[in-house]
Amino acid sequence: MPIAWPPLSSLIIIPAVGALGCCAPFFSKKMDPNGKLSRLWSIGIAILTLVVLAALARGATIAPGSVLALEEARSWIPSLGISYHLELDGLSFAFCLLTAIISLAVIAWSAKPQSAGAGWYSLLLLGEALVMGAFLATDLVLFYVFFEAMLLPVLGAMALWGGPKRLNAALKFLVYTMAGSALMFLSILYLGWLGNSSAPGVVDAFSFEITNLASKRLLNNSQEMILGIAFLLAFAIKTPIVPFHGWLPDTYREAPHGVAAFTAALLGKVGIYAILRFMWPLFPTFMVEAGPYIAALGAVSVVFGALVAMAQRDIRSLLAYSSISHLGFCVLGLASLSSMAMTGSIFLAFSHGIITAALFLTFGMIIDRQGVRDFDSLGGLAKVVPVSAFFLMVFSVAAVALPLTSSFVGEFLILMGSWKAFPQWTSLALIGVVLGAVYTLTAYLKTMFGGMRASTPALGRDIRGCDAMILTALAAIVVALGVFPGRLLDTISSAVPMQAAGSEVADNNLGQGFVR
Amino acid sequence: MSALAPFAPILTLSLGSLGYLVSGKLLESNKSSSLFAMALIGIAAYLTFGLVPSSIAIEHGLIVNSFTRFFGALACIGALLSIVATSGSVGGEKIGMLREYYFLMITSLCGALVMIYASDFLTLFIGIEVASLALYCLCGAQVTKRASSEASLKYFLLGCVSSAFMLYGIALWYGATGTLMISKIPSSAGTIAIVSFLFMIVGLAFKLGLAPFHFWVPDVYQGAPTSVTTFMSCVIKVAAFAALFKVTLSAFFLPNEWSVGVLWVIAVLAMTIGNLAALQQRSVKRLLAYSSVAQAGYMMIGLVALQNDPSVLASSVFYLVSYCAMTIGAFSVLSAVGPDADDLQDLKGLVKRSPFLAICMTLFFLGLAGLPPSLAGLMGKVYLFSGALASGCYGLAIVAVLNSALACAYYFRVPAAMLFQPPATEIRVSVTPQAVVSIAVCAIAVVGLGVYPEPLLKAVEAVAAVLLAR
């Protein structure tokens, strides 16, 4: 069926147009003092994006046995070999779906910074558009543009509505990310040039197309190592992996809750996505050889993040470090030579995005209403805000990967898959599982049960209405994916072996019906 | 008559500028004198486009080819944009002598065009001197302000030294070759040619504000009236780069091993020193001055990495064009905010006082930092750095890319102050319509040259091909 309308671009264009629309005069402070109109408009845009994504995926896979693969390519700057090339396969789809869901949740969430109006929604929609772009782009330069650009709305929202030290935190975030991506930028250019080296001097042959570059097998081993390290550094900072997490605590402490949720759930995932999307096809030898080290970094992140999280008094710092810990699992899975673990990584990344966004939003609301943010001054909240307490319980047990929740499926697949390759690091990560249960449940018990603290205000509105709907939907996704993971797993795993094809990752034992 | 054709833009400017001297009361007001200047430059720009490449002109000391036409047009458009942008705010800068102000500006542009079109060293030197002398006076145009006079004196003294270097380099060249033509060096020239090259590079590096010859840049950029800084940051840079390309490529036959080393050191020093010094600044003008040192360092990459591949040189020219749009825009915004706007404090909360200025300024700074959505800067860097990599200059490329990451730290501060901090006063900034037009043109260029760079890419490649034609 020919589609005249650019199908994949619409995933970027719709939120971007929505963001522009927020600047329209009838969303101004005068006409729309509470931001209600702009909120409705943005929710509409976010829902539309989600629907379009679902329709695209459904349309592409309607024939039985067909694999999701949509493509949109047009030339952009032929002189420099840069093309506007988007692709939606199972891997991109998982992350685009996550982006659409999380954006909708954060936008629809009723609590927003006090002074924020249409600008808040505008920046969030812009963020959604750019993150979508990063997940869809297959041209390296185009990816780099989105990778850098998606930082800006987040930084903007953080610097406008963040905590007291927001500007310093924003600057730190920017400098870390730029420093990380600088060498990746150079590596991208080098790859593009190498792809052209057969015809020196002919600039028109430049190409930054990932499939094109990967199929040419341009690099020898030492080149792969240098460029691979440059790429890895960028994604390690973005994810973040210990010891490249310096920006993270400040960012999550100072950002408004919605932005923290958005960052934790989406921005970090770009790193995970890019390791699989770009690093495996481009540097297969490097990924196999450096696998043990990357896995070690992942396992160390799991344990380090958990240990530091245990020592936190501030709820949001705890969530920040627990993110490091959970994403460490994903990195471990991506480094192991098994498509099962890789699929698990993507699945866990998806699940972590949902859970962490829900936790940030719910705890954020409690923090705002109670006016305090450390455990010592909170307690016995289960009596004050029973609905929040219920949802927090669901997401906390999901975070510690209890069976029947989505994280369990992901972690299980990762641990199974990586055990064969790296038993030592897998066992280290297993310690992290235990530690994770300890700090998550301790935090939950401290805040929700126990005696009511003197400083805990007795009055507090509980979650209701729209917010309750959002949390219900997110919880339903977490549980549904925990019970019936097959559909999403199949979609993801349809794309994974292709990514790692160059490295002969052979144990394709995640066949049909493995999970069912 | 046809022999005079190449002179047309220069003659228009130099004869037209006499109008200021004979017009009496007619051109006394700011409005009429700025309009006259705009008209002159507009005609010159039009004539620049209309020039036909010719070889006759070589005998008259000028040469017209697509390289000189491109740079001439760039200088004219840059001058036009900067005059249009600042004509409304010149009044506030307490410049006592408006007629002379525009006269000097046109003279300076005229000198810049002579630099660009020159085909022998003597004409080149005359061009440099005409452009510089007018600028020395312009820097001191704010007679009541001490910093302005200081800038003028400093620029004059250091400029004289650099002219001396240049002149001595030319003398040595004459001694070595027996001709003043800018054309290929005879192979017999030997050591004297090396010394001559070094002297000329020092002289031009002064004019370009490349480290380690950049000491005048921050003081002059800060002390001079903002309108003059706007003009200078683009026009002089374009002319001096044209001269540098001409000297190094047409005369000294780059690349050769001894010259590349010198240029490499200059490029690395300029990038690193410029960025490190800019980190410390609180004055936006000084910050932009040091950033211009660093940006000039990036543009040197095209010369250092040159390997007979026109695309590498073309990338420098492309970057120069996008840099001009950003720097004119940034200084124009500063000039529109107020005649004395300089400290970061003055820009605080600008988005509340004038959203248009704040958003455009943010675009310019993002462009300087090489971040989207100001894609001109980013695409310039893609082009520049891939050229460096293609020539095997890995060290240079790594230094450059680390520098551009470092630069984000200070480029971030200006938008952060404008967008995220409360304003010191609530008074709205009133922007003149001509400034709006000029700033908008720069902003569109900064975004548009990145979104749709194909025509410019083709043009700069043709320019580079002319330079490298042997």
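Treat the numbers as computed from the prediction; the structure is a model and nothing was measured.

Undergrad: Sorry if this is basic, but what is going on with the overall build of chain A here?
TA: When helices and strands are counted, chain A shows 21 helices and two strands. Counting only C-alpha atoms, chain A reaches 75 × 60 × 50 Å along its principal axes. Sequence-distant contacts, at least 24 apart, represent 81% of the contacts inside chain A between residues at least 6 apart.

Undergrad: Hey, could you run me through the interface of chain B and chain A in this one?
TA: It is common to give the size of an interface as the accessible area that goes away when the parts come together. The interface of chain B with chain A comprises 26 residues on the first partner and 25 residues on the second. With eight residues, helix α17 (residues 394-411) of chain B is the single largest residue contributor to the side of chain B that touches chain A. Looking at the side of chain B that touches chain A residue by residue, the class counts come to 21 nonpolar, three polar and two charged.

Undergrad: Hey, could you run me through the nonpolar core in this one?
TA: Proteins that are soluble and globular tend to have nonpolar side chains buried together. Of all hydrophobic cores here, the largest spans 411 residues; its most connected members are B:Ala75 and B:Ala239. The leading source of residues in this core is helix α12 (residues 310-337) of chain B, at 19 residues.

Undergrad: I keep staring at helix α11 (residues 257-282) of chain A and nothing clicks. Help me out?
TA: In an α-helix, one turn spans 3.6 residues; hence positions three or four apart end up facing the same way. All names here are of chain A. The end-to-end C-alpha distance of α11 is 37 Å, a good match for the 38 Å that 26 residues give at a rise of 1.5 Å each. Most pronounced at Ala274, the bend in α11 amounts to some 35 degrees. Summarising burial for α11: 26 of the 26 residues are buried, a large majority.

Undergrad: So what exactly am I meant to see when it comes to the pairing of strand β1 (residues 69-77) of chain A here?
TA: Working note: regular strand, side chains alternate between the two faces of the sheet. Summarising the sheet, β1(A) and strand β2 (residues 82-89) of chain A pair through eight bridges and their orientation is antiparallel. Directly across from A:Glu72, in β2(A), lies its bridge partner A:Leu86.

Undergrad: Quick question: what am I supposed to make of the packing of helix α3 (residues 66-86) of chain B against helix α19 (residues 433-451) of chain B here?
TA: Packed helices, taken two at a time, are described by the angle their axes make and the gap between the axes. All names here are of chain B. As a packed pair, α3 and α19 sit with axes 7 Å apart at the nearest point and diverge in direction by 140 degrees. Judged on the interaxial angle alone, α19 and α3 are oblique. α19 is crossed by α3, and the crossing has left-handed handedness. Residue-level contacts link Leu81, Val84 and Ala85 of α3 to Gln434, Ala435, Val437, Ser438, Ile439, Val441 and Cys442 of α19. A breakdown of the residues in the contact of α3 with α19 according to their chemical character gives eight nonpolar, two polar and no charged.

Undergrad: What is the right way to look at the packing of helix α18 (residues 406-421) of chain A against helix α19 (residues 423-448) of chain A in this model?
TA: Residue and element names in this part refer to chain A. Put simply, α18 and α19 touch, their axes get as near as 8 Å, and they point 155 degrees apart. As far as their axial angle goes, α19 and α18 are roughly antiparallel. α19 is crossed by α18, and the crossing has left-handed handedness. Here Glu411, Leu415, Ser418 and Trp419 of α18 lie close against α19, whose contacting residues are Pro423, Thr426, Leu430 and Val433. Looking at the contact of α18 with α19 residue by residue, the class counts come to five nonpolar, two polar and one charged.

The rules behind each value
Residues numbered from 1 in each chain as written. Chains lettered and ligands numbered in written order. Predicted model: local features only at pLDDT ≥ 70, side-chain atom pairs only at ≥ 80, totals over all residues. Helix = DSSP H or I, 4+ residues; strand = E, 2+ residues; numbered from the N terminus. Contact = placed C-beta atoms within 7 Å. Nonpolar A, V, L, I, M, F, W, Y, C, P; charged D, E, K, R; others polar. Core = buried A, V, L, I, M, F, W, Y, C linked by C-beta atoms within 7 Å. Buried ≥ 20, exposed ≤ 12 C-beta atoms within 10 Å, placed from the backbone. Expected span 1.5 Å × (residues − 1). Bend = angle between axes of the 7 residues up to and from the residue. Pairing = 2+ DSSP bridges. Axes fitted to C-alpha atoms, helices over the stretch in contact; angles between N-to-C directions. Parallel < 35°, antiparallel > 145°, perpendicular 65-115°, else oblique. Left-handed = near helix turned anticlockwise from the far one by under 90°.

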